[in-house]
Amino acid sequence: MPIRVLIVEDSPVMQRLLADLISRAQDLEVVGVAADPYEARELVKSLKPDVLTLDVEMPRMDGITFLERLMRLRPMPVVMVSSLTERDAEASMRALELGAVDVIAKPRAPDGQALAEFGVSIAEKLRVAARAALGRIDGRVAADRNAAVRTLEGPADRRQLEGQLIAIGASTGGTEAVREILQRMPRETPPIVIVQHMPEMFTRMFAKRLDDQCRLAVCEAVDRQRLEAGHAYVAPGNWHLCVRRAGKAFEARIEQTEPVNRHRPSVDVLFESVAAGVAGGATAVVLTGMGSDGAGGLRKVKAAGGYTLAQDEESCVVFGMPKVAIETGCVDRVAAPAGIAEGIMHRINEWSAN
């Protein structure tokens with residue numbers, strides 16, 4: 001049976017566009033269109049869709065307020081469809097915290113290629129969302145509201161961190177997994193570089209939210225930026241992030257070469273650069289997401305003497321990328337985000353003691 005999709009969007013033009021593009025996929029069926037959250041609420045009850053697309057800015061009630069109520073009263077998979085504006089990007093980050101499975105940017109250009117790529121992308125995100133482990137999202141959100149996060153301990157002397165670097169790759173469901181890990185990291189942590197599959201502007205807002213919520217200083221990476229201990233750097237959307245050695249330290253390189261595994265930024269591109277530049281001082285982590293991005297690069301990190309971790313199936317929203325990584329036989333530890341944070345710090349302290 002096809003996946004039943006409800007579109008929640010106030011713009012008639014965007015309604016028609018979404019309906020047309022989604023309906024082109026044989027395994028997706030648009031069962032209804034709602035112009036505002038109140039109409040959506042009634043259609044969710046009567047049509048019982050498998051997944052819905054949700055706009056951020058709408059009349060009568062904004063999409064974030066509706067999502068919060070929906071996830072509290074009738075949890076279901078949601079893909080946010082957002083404009084590439086700072087305001088909508090920030091709202092979309094809040095939506096992911098509230099339990100939305102993923103976010104996609106509305107096409108900026110009306111040309112055929114851009115619309116075709118958008119159609120392929122939203123269809124894939126809807127398929128993933130429909131199969132996502134929603135109970136883990138809902139449970140995670142509830143737990144996060146009540147749990148106090150314990151900060152782990154790092155080496156007393158930052159000079160012991162020299163030569164170490166942590167690389168993290170994530171996709172669907174990854175924003176919250178990354179946050180769970182970084183919130184446990186002390187300031188005495190080697191530089192952390194992050195690839196989260198996400199459009200440009202959204203990565204900037206993602207970095208900003210992490211910076212507000214973590215002890216580490218978090219920013220979107222800039223080309224030739226020196227990577228410092230106690231800091232985390234998020235790859236900008238639509239750009240690959242690489243790490244290069246600069247004397248005894250490391251620097252970020254931002255490149256717009258071809259997508260890898262259909263992604264830019266790509267986890268494999270980051271991990272391969274880390275394997276080459278950091279070698280045994282590297283720790284690589286693969287988190288929740290669909291596909292195989294990161295598995296090949298993680299294998300190279302392991303071969304270079306680095307330490308590798310992957311998120312376990314029980315805590316993943318989508319057990320795709322970690323599953324493929326684990327199947328390589330090159331993963332040292334499999335755990336939930338809290339356990340991954342502990343594994344990272346154990347590796348840092350072990351390395352620093354030698």
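I will try to describe carefully the structure that is included in this document. (Residues numbered from 1 in each chain as written. Predicted model: local features only at pLDDT ≥ 70, side-chain atom pairs only at ≥ 80, totals over all residues. Heavy atoms only, no water.)

**Structural notes on the overall build of the chain**
Part 1: A count of helices and strands for the chain gives 12 helices and 15 strands.
Part 2: Compactness check: the chain gives a C-alpha radius of gyration of 20 Å against a globular reference of 20 Å for 354 residues, within 12% of the reference.
Part 3: Taking the principal axes of its C-alpha atoms as reference, the chain extends roughly 65 × 45 × 35 Å.
Part 4: Here the chain holds 354 residues, and 56% of them are scored as buried.
Part 5: In the chain, the share of contacts with a sequence separation of at least 24, taken over all contacts with a separation of at least 6, comes to 73%.
Part 6: Taken as a whole, the chain presents about 14,600 Å² of accessible surface, with 48% of it coming from carbon and sulfur. (Helix = DSSP H or I, 4+ residues; strand = E, 2+ residues; numbered from the N terminus. Rg over C-alpha atoms; globule rule 2.2 N^0.38 Å. Buried < 20%, exposed > 50% of the residue type's maximum accessible area, 1.4 Å probe, protein only. Contact = heavy atoms within 4.5 Å. Areas by Shrake-Rupley, 256 points an atom, 1.4 Å probe, with all protein chains shown as cover.)

**What about the sheet that holds strand 10 (residues 231-234)?**
Part 1: Ordered by their spatial adjacency, 7 strands build an open sheet running 8-10-7-6-13-14-15, and the pairing between neighbours is parallel. Two strands in the sheet have a free side with no partner beyond their single neighbour: strand 8 (217-220) and strand 15 (333-335). For this sheet, the mean angle separating the axes of adjacent strands, direction not counted, is 20 degrees.
Part 2: The sheet contacts of helix 7 (residues 174-182) involve strand 6 (165-170), strand 7 (192-196), strand 8, strand 10 and strand 14 (307-311), and relative to strand 7 the element is tilted by about 165 degrees.
Part 3: This element, helix 10 (residues 295-303), spans strand 13 (282-286) and strand 14 of the sheet and lies at about 150 degrees to strand 14. (Pairing = 2+ DSSP bridges. Axes fitted to C-alpha atoms, helices over the stretch in contact; angles between N-to-C directions.)

**Section: the packing of helix 4 (residues 86-98) against helix 8 (residues 202-213)**
Part 1: Contact geometry for helix 4 and helix 8: axes closest at 9 Å, N-to-C directions at 60 degrees. Compared by their axis directions, helix 4 and helix 8 come out oblique. For the pair helix 4 and helix 8, the sense of crossing is right-handed. Two secondary-structure elements touch here, helix 4 through Glu86, Ala89, Glu90, Ser92, Met93, Arg94 and Glu97 and helix 8 through Phe202, Met205, Phe206, Lys208, Arg209 and Gln213.
Part 2: In terms of residue class, the contact of helix 4 with helix 8 is built from 5 nonpolar, 2 polar and 6 charged. (Parallel < 35°, antiparallel > 145°, perpendicular 65-115°, else oblique. Left-handed = near helix turned anticlockwise from the far one by under 90°. Nonpolar A, V, L, I, M, F, W, Y, C, P; charged D, E, K, R; others polar.)

**Concerning unusual backbone geometry**
Note: most residues except glycine have negative phi, and most peptide bonds are trans.
Part 1: Cis geometry is adopted by the peptide bond preceding Pro265, which originates at Arg264 and carries an omega value of 15 degrees.
Part 2: Its place among the elements puts Pro265 in the loop between strand 12 (249-255) and helix 9 (267-277).
Part 3: Located in the positive-phi region is Met201, a residue other than glycine, with phi close to 80 degrees.
Part 4: Note on placement: Met201 falls in the loop between strand 7 and helix 8.

**Here we look at the pairing of strand 7**
Part 1: Most of strand 7 is tucked away: 5 of the 5 residues are buried.
Part 2: The alternating pattern of strand 7 places Ile192, Ile194 and Gln196 and Val193 and Val195 on opposite faces, both of which are buried.
Part 3: The pairing of strand 6 with strand 7 spans 5 bridges and is classified as parallel. Within the sheet, the bridge partner assigned to Ala167 lies in strand 7 and is Val193.
Part 4: With respect to chirality, the unit in which strand 6 leads through helix 7 into the neighbouring parallel strand 7 is right-handed.
Part 5: Pairing geometry for strand 7 and strand 10, over 3 bridges, is parallel. By the bridge assignment, Val193 is partnered in strand 10 with Tyr233. (Right-handed = clockwise from strand over helix to strand, strands pointing away.)

**Concerning the environment of Met1**
Part 1: By the element assignment, Met1 lies in the segment before strand 1 (3-8).
Part 2: Judged by relative accessible area, Met1 falls into the exposed class, the value being 95%.
Part 3: Between the C-alpha atoms of Met1 and Gln26, which are 25 residues apart in sequence, the distance is 9.9 Å.

**Some thoughts on helix 3 (residues 63-73)**
Part 1: When we look at burial in helix 3, the residues that qualify are Gly63, Ile64, Phe66, Leu67, Leu70 and Met71. The buried residues of helix 3 all sit within an arc of 155 degrees when viewed along its axis, so they share a single face. Residues of helix 3 that are exposed and point over 90 degrees away from its buried face: Arg72 and Leu73.
Part 2: The opening residue of helix 3 is Asp62, an N-cap whose side-chain oxygen sits 3.0 Å from the backbone nitrogen of Ile64. (Arc of directions from axis to C-beta. Polar contact = N/O pair within 3.5 Å; in protein donor to acceptor, adjacent residues only side chain to side chain.)

**Details of the nonpolar core**
Part 1: In this structure, Met80, Ile168 and Leu182 are the most contacted members of the largest nonpolar core, which totals 64 residues.
Part 2: The greatest single-element share of this core, amounting to 6 residues, is contributed by helix 4.
Part 3: Sequence-distant contacts of Ile168, defined by excluding residues within four places in its chain, comprise Val178, Ile181, Leu182, Ile192, Val193, Ile194, Val195, Leu270, Phe271, Val285 and Leu287. (Core = buried A, V, L, I, M, F, W, Y, C linked by side-chain atoms within 4.5 Å.)

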